[in-house]
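Residue-level structural notes
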Amino acid sequence: MELRQLEHFVAVAEEQHFTRAAERLAVSQSGLSASVRALEHELRTPLFSRTTRTVRLTEAGAALLVEAERTLAGARAARDAVDAVRGLLRGRLTLGVEQCVAGVSTARLLAAFHREHPHMEIRLRQEGTSSLLEGVAGGRLDLAFAATVSPPEWRGDLVPLAREPMVVLCAPGHRLAGEGAPVAWSGLRGESFIDFHPDWGPRRAADEAFAAAGTRRTVALEVNDVHSLLELVHEGLGIAVVPHHFARKPEARGLVAVELGGTEGPVYESVVVLPPARAMSPGAKALMTLVREAPLR
């Protein structure tokens, strides 16, 4: 089994298509197919279920994918470590980020990293917190910017980025808009809520806060981006419980932010998720040096 074969296998698994995987790797489709067939022959089991339209992992393929990603990540880390000793920083930095994570400007951070280390290839993946934790644990991601991670979920290193209150966002004509005082949890009963999918950090934080308060709610409208959420709130289709910095976005202009639960309101936290120190790649270490610089926070 060769690293090249594992790279081919992972590319097909991610693209779910042999032609796209071949284009991504800049190899011929026949060569890619032969490489995967040789790997299947060596392992004595099919890794993909193939039809004329789809390519899906078999149970054996799914098991191999986890270990293949970890093996390739280890090989990259080994090459990067040698380059770092030679005074070079090459290779690839793959990081994941939650949508609208607080405490860091991802764009400015990556721009600064690219200026300092122009030979490093940067890969960015935007995912929910659970997927980010799995990515760092499995070696698919070097590190991640996530939200609302509880200790039982992650036993590696967590570096705090920001901590802020959650607020209710509503349209100007909503009954809560004119109250002028923090709204009690009981005052939210019967409301229609707009929120993100359950894996996104703000949704996780809101769900935990409602559960802790013993208040049930119905999320009528689920979205996958902050702009859609704010548009729906603008149209009066519901209210949203979100991190306070959402209220400062240009798209939120005209909406009303109402404090929740007085001094003991819910809190949204964002963190950097890191693998164990011994497993950190040189690229991840270099990025963390920039994360700690105030101008990029």
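This report concerns the structure included in the present document. (Residues numbered from 1 in each chain as written. Predicted model: local features only at pLDDT ≥ 70, side-chain atom pairs only at ≥ 80, totals over all residues. Heavy atoms only, no water.)

A word on helix H3 (residues 29-43). With 15 residues, H3 extends 21 Å from end C-alpha to end C-alpha; this agrees with the ideal 21 Å at 1.5 Å per step. Where H3 ends, the next residue or the one after it, Arg44, has phi of about 60°, a positive value. (Helix = DSSP H or I, 4+ residues; strand = E, 2+ residues; numbered from the N terminus. Expected span 1.5 Å × (residues − 1).)

Membership of the largest hydrophobic core comes to 43 residues, with the highest contact counts inside it found for Leu143, Phe145, Val168, Leu188, Val272 and Leu287. Looking at this core, the element that brings in the most residues is helix H9 (residues 282-291), giving six residues. Beyond its immediate stretch of four places on either side in the chain, Leu143 contacts Leu93, Thr94, Leu95, Gly96, Val136, Val272, Val273, Leu274, Ala284, Leu287 and Met288. Of all hydrophobic cores here, the second largest spans 19 residues; its members include Val12, Ala13, Leu64 and Ala68. (Core = buried A, V, L, I, M, F, W, Y, C linked by side-chain atoms within 4.5 Å. Buried < 20%, exposed > 50% of the residue type's maximum accessible area, 1.4 Å probe, protein only. Contact = heavy atoms within 4.5 Å.)

This part takes up the pairing of strand S4 (residues 120-126). As judged from the seven bridges shared by strand S3 (residues 91-97) and S4, these two strands associate in the parallel manner. Looking across to S4, one finds that Gly96 is bridged to Arg125. The β-α-β motif built from S3, the intervening helix H5 (residues 106-116) and the parallel element S4 has right-handed crossover chirality. (Pairing = 2+ DSSP bridges. Right-handed = clockwise from strand over helix to strand, strands pointing away.)

Moving on, we get to the layout of surface pockets. Taken as a whole, the largest pocket holds about 540 Å³ of empty space. If you trace the largest pocket, you find 23 residues lining it, with Arg24, Leu72, Arg76, Arg92 and Arg123 closest to the centre. Put simply, the parts of the chain that give the lining of the largest pocket at least two residues each are helix H1 (3-15), helix H2 (18-25), helix H4 (59-85), S3 and S4. Tallying contributions element by element places H4 first for the lining of the largest pocket, with seven residues. A class-by-class count of the residues in the lining of the largest pocket yields seven nonpolar, two polar and 14 charged. Within this model, the second largest pocket holds a volume of roughly 320 Å³. Contributing to the lining of the second largest pocket are 21 residues, with Ala73, Gly139, Leu141, Asp142 and Ala279 lying nearest its centre. At the level of secondary structure, the elements contributing two or more residues to the lining of the second largest pocket comprise H4, S3 and helix H6 (129-138). Among the elements that take part in the lining of the second largest pocket, H4 stands out by supplying six residues, more than any other. (1 Å grid on protein atoms, 1.4 Å probe; cavity = no way out; pocket = protein on both sides within 12 Å on 5 of 7 lines; lining within 4 Å. Points joined across faces, edges and corners; volume = space filled by probe spheres on them. Nonpolar A, V, L, I, M, F, W, Y, C, P; charged D, E, K, R; others polar.)

It is worth spelling out unusual backbone geometry at this point. Of note, the phi angle at Arg44 is positive, near 60°, even though the residue is not glycine. Checked against the element boundaries, Arg44 lands in the loop between H3 and strand S1 (48-50). Look at Cys100: it is not a glycine, yet its phi comes out positive at around 55°. As for its placement among the helices and strands, Cys100 is situated in the loop between S3 and H5.

What follows concerns helix H8 (residues 226-234). Within H8 the residues assigned to the buried category are Val226, Leu229, Leu230 and Val233. Seen along its axis, H8 keeps its buried residues to an arc of 95°; they face one direction. Measuring from the side-chain oxygen of the N-cap residue of H8 to the backbone nitrogen of His227 gives 3.3 Å; that N-cap residue is Asp225. Just past H8, the residue Gly236 takes up positive phi, approximately 75°. (Arc of directions from axis to C-beta. Polar contact = N/O pair within 3.5 Å; in protein donor to acceptor, adjacent residues only side chain to side chain.)

Before going further, it helps to spend a moment on the packing of H1 against H3. Between H1 and H3, the least distance of the axes is 9 Å, while the angle of their chain directions is 105°. Classified by the angle between their axes, H1 and H3 sit roughly perpendicular to one another. Mapping the contact onto sequence places Arg4, Gln5, Leu6, His8, Phe9 and Val12 in H1 and Leu32, Ser35, Val36, Ala38, Leu39 and Glu42 in H3. In terms of residue class, the contact of H1 with H3 is built from seven nonpolar, three polar and two charged. (Axes fitted to C-alpha atoms, helices over the stretch in contact; angles between N-to-C directions. Parallel < 35°, antiparallel > 145°, perpendicular 65-115°, else oblique.)

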